[in-house]
Amino acid sequence: MNKQAILHIQDSNYAYPKSVDKFVVRLRVARNDDIQKVIIEYGCKYTFYDVRFEKEMKIKYNDELYSYYEVELKLDDPRLAYVFRIYDSSNEMYYYFEEGLSKEFDYKNSFYNYFQYAHINEVDIVEEVEWFKNAVFYQIFVDRFNRGKNKKDFSYITMQKEDTPTPHSFYGGDLEGIYDKIEYLHSIGINAIYLTPIFKSISNHKYDIIDYEKIDEHFGNDEIFINLVKKAHEYGIKIVIDVVFNHCSNQHNYFNDDKYYDYFRRTKDGYMTFADCEYMPEWNGNNPKVVDYLISITKNWIRKYDIDGLRLDVADELPHEFWRRFRKEVRNEKNDCIIVGEDWHDSYTYLLGDQFDSAMNYAFTKACVDYFATQKLDEKGLSDRLNMLLMRYREQNNKQCFNLLDSHDKERFYTQVGKSKNKLLAGLNLLMFYQGVPCIYYATEQMMEGEGDPYCRRAFDWDKKPEQEILDILKLRKEKVLVDGDIQIYEKDGKLYVKRTLDDKTKTLVISKNGEEFNVE
């Protein structure tokens, strides 16, 4: 038995409550280790020495190096103590507790060293936002989606539908254009929209905001956006907007006023910027006045527009304490307003229930690219990777991870897979079957192609019909088993299996040959 591989961390993604009386426990061991079985002994921490229950744990996930045993406990008392009994292939038994592995365990003095979850408090339970976990998102790059019929100054437009975009071209898409296409989005199975930034800016992407309290005139105004949100809600569609609080435009009034000098991150030579973009100075999220300012703006958006969620751009560069306060203030305004952080890496520390509800799951994106496009992974490799990603987080987090194949920051998935329709369809099926909230990038239903930014930001062609096979895939998420069902991922005979099970309902996706072949069972 590989003792060094055994791992359990209390009060973590290895031990967490789903409710006041349901508790999940995981134990990591070396994959293919000579372990015969694992038993968990558990009970109230105050009577554990005398009264205990036990339950056998089963391997639920496997990645490249490890296997993960998991069990869900039904508790009568929220004050939990537990130890593991691990049996090797010769039936020799070891206890595993806070001090490590041992052939003996002193129950009488176990209060010193059993694993525990001292008390399940409701406020510590990671919540699931019902509408969000049931959502099928559609990301819209506003300038490229649709021009409305509103009367506005079109002199800024430098790009037509058939043109290849440049970093500085404007097509003229706007909020009224989205308003006009709400029926279309509803008809293809979309029930949530993620909008790239809509506030005043000189760029086509609007990530360099000049004024957070004014909708960009190229896109519309308050009245148009309020009407858009109302119409979306009438069709059961939620609206999430992009929030850019890590940085702003160097034309923002505060940046050019010495009174607000300490509102920005300063260096001995000037100021810090987003990446190397000199026109995007970084806000100083450590300054309480900045926190007050940005949160007040957010609360005003919720009150004025009745938006349903906030996607936080470059969220991982702002302080955790900023986001803790941000969450409380947002939830006080609207208790199901979703908070999605942009973090391209392991977001565990943001997903403990006190900051974000979700994070953009670019690790899932990378796994799909490595399998379908570059073929760095085979079916076993993809199974291992997807299982590893599930072990990063609690089940509630996994159900709410914001999963995507591509975005405004990425090469179009259809282009990455060499314009293989089968691979695109297989990837979209995996997006629907994997635990989490699926998001497709606008015009994916038309199999739009495009290299990285700016070529992934082409204008939507409204003369082109969507692919029916893609629309059928989007509607899969209406099945409850793909939202709340248990998930099992494994490779067998050169095929990847993703199986979802809920009560007596099972649905399975089978993929092989790096996505060239697939079927849904």
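Within any chain, residue numbers begin from 1 and follow the written order of that chain's sequence. The model is predicted, so local features are restricted to residues of pLDDT at least 70 and side-chain atom pairs to those at 80 or more, both for listing and for counting; the totals for chains, interfaces and linings are taken over all residues. The basis for every side-chain value is the complete set of non-hydrogen atoms in the structure, without hydrogens or water.

**Student:** Could you clarify how one ought to interpret the overall build of the protein in this entry?
**Tutor:** In this description a helix means any DSSP run of H or I spanning at least four residues, a strand means any run of E spanning at least two, and both kinds are numbered starting from the N terminus. Each helix and strand in the protein was counted, giving 14 helices and 25 strands. Here the protein has a C-alpha radius of gyration of 25 Å; the compact-globule value for 521 residues is 24 Å, and the two agree. If one aligns the C-alpha atoms of the protein with their principal axes, the spans along those axes are about 80 × 55 × 45 Å. Exposure categories follow from relative accessible area, calculated using a 1.4 Å probe and restricted to protein chains: below 20% of the type maximum is buried, above 50% is exposed, and the middle band is partly exposed. Split into buried and exposed, the 521 residues of the protein put 59% on the buried side. For this analysis, residues touch if any pair of their heavy atoms sits within 4.5 Å. Sequence separation of 24 or more characterises 69% of the internal contacts of the protein that already satisfy a separation of 6 or more. We compute the radius of gyration over the C-alpha atoms and compare it with the globule rule, which gives 2.2 Å times the number of residues raised to the power 0.38.

**Student:** I tried to follow the nonpolar core on my own but got confused; where do I start?
**Tutor:** Nonpolar side chains in soluble globular proteins generally cluster together in the buried interior. Only buried residues count toward a nonpolar core, which is a set of Ala, Val, Leu, Ile, Met, Phe, Trp, Tyr and Cys residues joined through side-chain atoms within 4.5 Å. Judged by nonpolar contacts, the single largest core of 134 residues is most densely connected at Phe137, Leu175, Phe225 and Trp301. Among the elements that take part in this core, helix α6 (residues 288–305) stands out by supplying nine residues, more than any other. The residues that make up this core include at least three from each of domain 1 (3–124) and domain 2 (130–245 + 287–478). The contacts of Phe137, once residues within four sequence positions are left out, are Trp131, Phe132, Ile190, Ala192, Ile193, Tyr194, Val240, Phe402, Val437, Pro438, Cys439 and Ile440. With 24 residues, the next largest nonpolar core counts Ile40, Tyr82, Tyr96 and Tyr117 among its residues. How far each domain reaches was decided by an automatic or database domain assignment.

**Student:** Could you clarify how one ought to interpret unusual backbone geometry in this entry?
**Tutor:** A negative phi angle is the norm for most residues apart from glycine, just as the trans form is the norm for most peptide bonds. With an omega of 10°, the peptide bond running from Asp453 to Pro454 counts as cis. For Pro454, the location among the structural elements is in the loop between β21 (437–441) and α13 (468–474). Even without glycine at this site, Lys206 takes up a positive phi of about 70°. In this structure, Lys206 sits in the loop between β12 (199–201) and β13 (209–215). Even without being a glycine, Met447 presents a positive backbone phi close to 60°.

**Student:** Is there a simple way to think about the UniProt feature "domain: Glycosyl hydrolase family 13 catalytic" (unreviewed entry) in the protein in this case?
**Tutor:** UniProt positions are given in the numbering used here, feature names are shortened, and annotations may be inferred rather than shown by experiment. Following the UniProt record, the feature "domain: Glycosyl hydrolase family 13 catalytic" (unreviewed entry) maps to residues 139–477 here. The span residues 139–477 is 34% helix and 14% strand, and its two end C-alpha atoms sit 17 Å from each other.

**Student:** Would you mind going over helix α7 (residues 320–333) with me for this structure?
**Tutor:** At 3.6 residues per turn, the α-helix brings residues three or four places apart onto the same side. By definition here, a helix of n residues has an expected span of 1.5 Å times n minus one. Over its 14 residues, α7 extends 20 Å from the first C-alpha to the last, a length consistent with the 20 Å expected when each residue adds 1.5 Å. Within α7, burial applies to Phe322, Trp323, Phe326, Arg327, Glu329, Val330 and Arg331. Where α7 is buried, its residues meet α6, β17 (309–312) and β18 (338–341).

**Student:** What's the story with the sheet that holds strand β11 (residues 192–195) in this structure? I'm lost.
**Tutor:** In a beta sheet, neighbouring strands are held together by backbone hydrogen bonds and run either parallel or antiparallel to one another. For two strands to be treated as a pair, DSSP must find at least two bridges joining them. Overall, parallel pairing links the eight strands, which are arranged β10-β11-β14-β17-β18-β19-β20-β21 in a closed barrel. The sheet shows a mean angle of 25° between the axes of neighbouring strands, direction not considered. Note that β11 and strand β14 (residues 238–243) share four bridges and pair parallel. Bridge pairing in β14 places Ile193 opposite Ile239. Every angle, taken between N-to-C directions, lies between 0 and 180 degrees, and every axis is a line fitted to C-alpha atoms, over only the stretch in contact when it is a helix. Strand contacts of α7: β17 and β18, with the helix running at about 155° to β18, the strand carrying the most contacts. Across the sheet, helix α8 (residues 362–373) lies against β19 (358–361) and β20 (402–404), angled at about 20° from β19, the strand it touches most.

**Student:** Got a minute to help me understand the pairing of β17 in this structure?
**Tutor:** Along any regular strand, the residues point their side chains to alternate faces of the sheet. Neither face of β17 is exposed, since Gly309 and Arg311 on one face and Leu310 and Leu312 on the opposite face are all buried. Pairing analysis gives four bridges linking β14 to β17, with the strands arranged parallel. Considered in β17, the bridge of Val243 is made with Leu312. Judged from the four bridges that link them, β17 and β18 form a sheet pairing that is parallel. Of the residues in β18, the one forming a bridge with Arg311 is Val340.

**Student:** Hey, could you run me through the side chain of His218 in this one?
**Tutor:** Here His218 is to be found in the loop between β13 and α5 (222–234). Given the relative accessible area of 16%, His218 is considered buried. Residues contacting His218, with those up to four places away along its chain left out, are Lys152, Tyr156, Phe170, Gly173, Asp174 and Lys206.

**Student:** Would you mind going over the environment of Ser155 with me for this structure?
**Tutor:** Checked against the element boundaries, Ser155 lands in the loop between α2 (142–145) and α3 (175–179). A sequence separation of 17 residues divides Ser155 from Gly172, and the C-alpha atoms of the two residues are 9.7 Å apart. Here a polar contact is recorded for every N or O atom pair within 3.5 Å, except that within protein the pair must consist of a potential hydrogen donor and a potential acceptor, and residues adjacent in sequence are included only if both atoms are side-chain atoms. Within the structure, Ser155 has its side chain in polar contact with the side chain of Asp153 (distance 2.7 Å).

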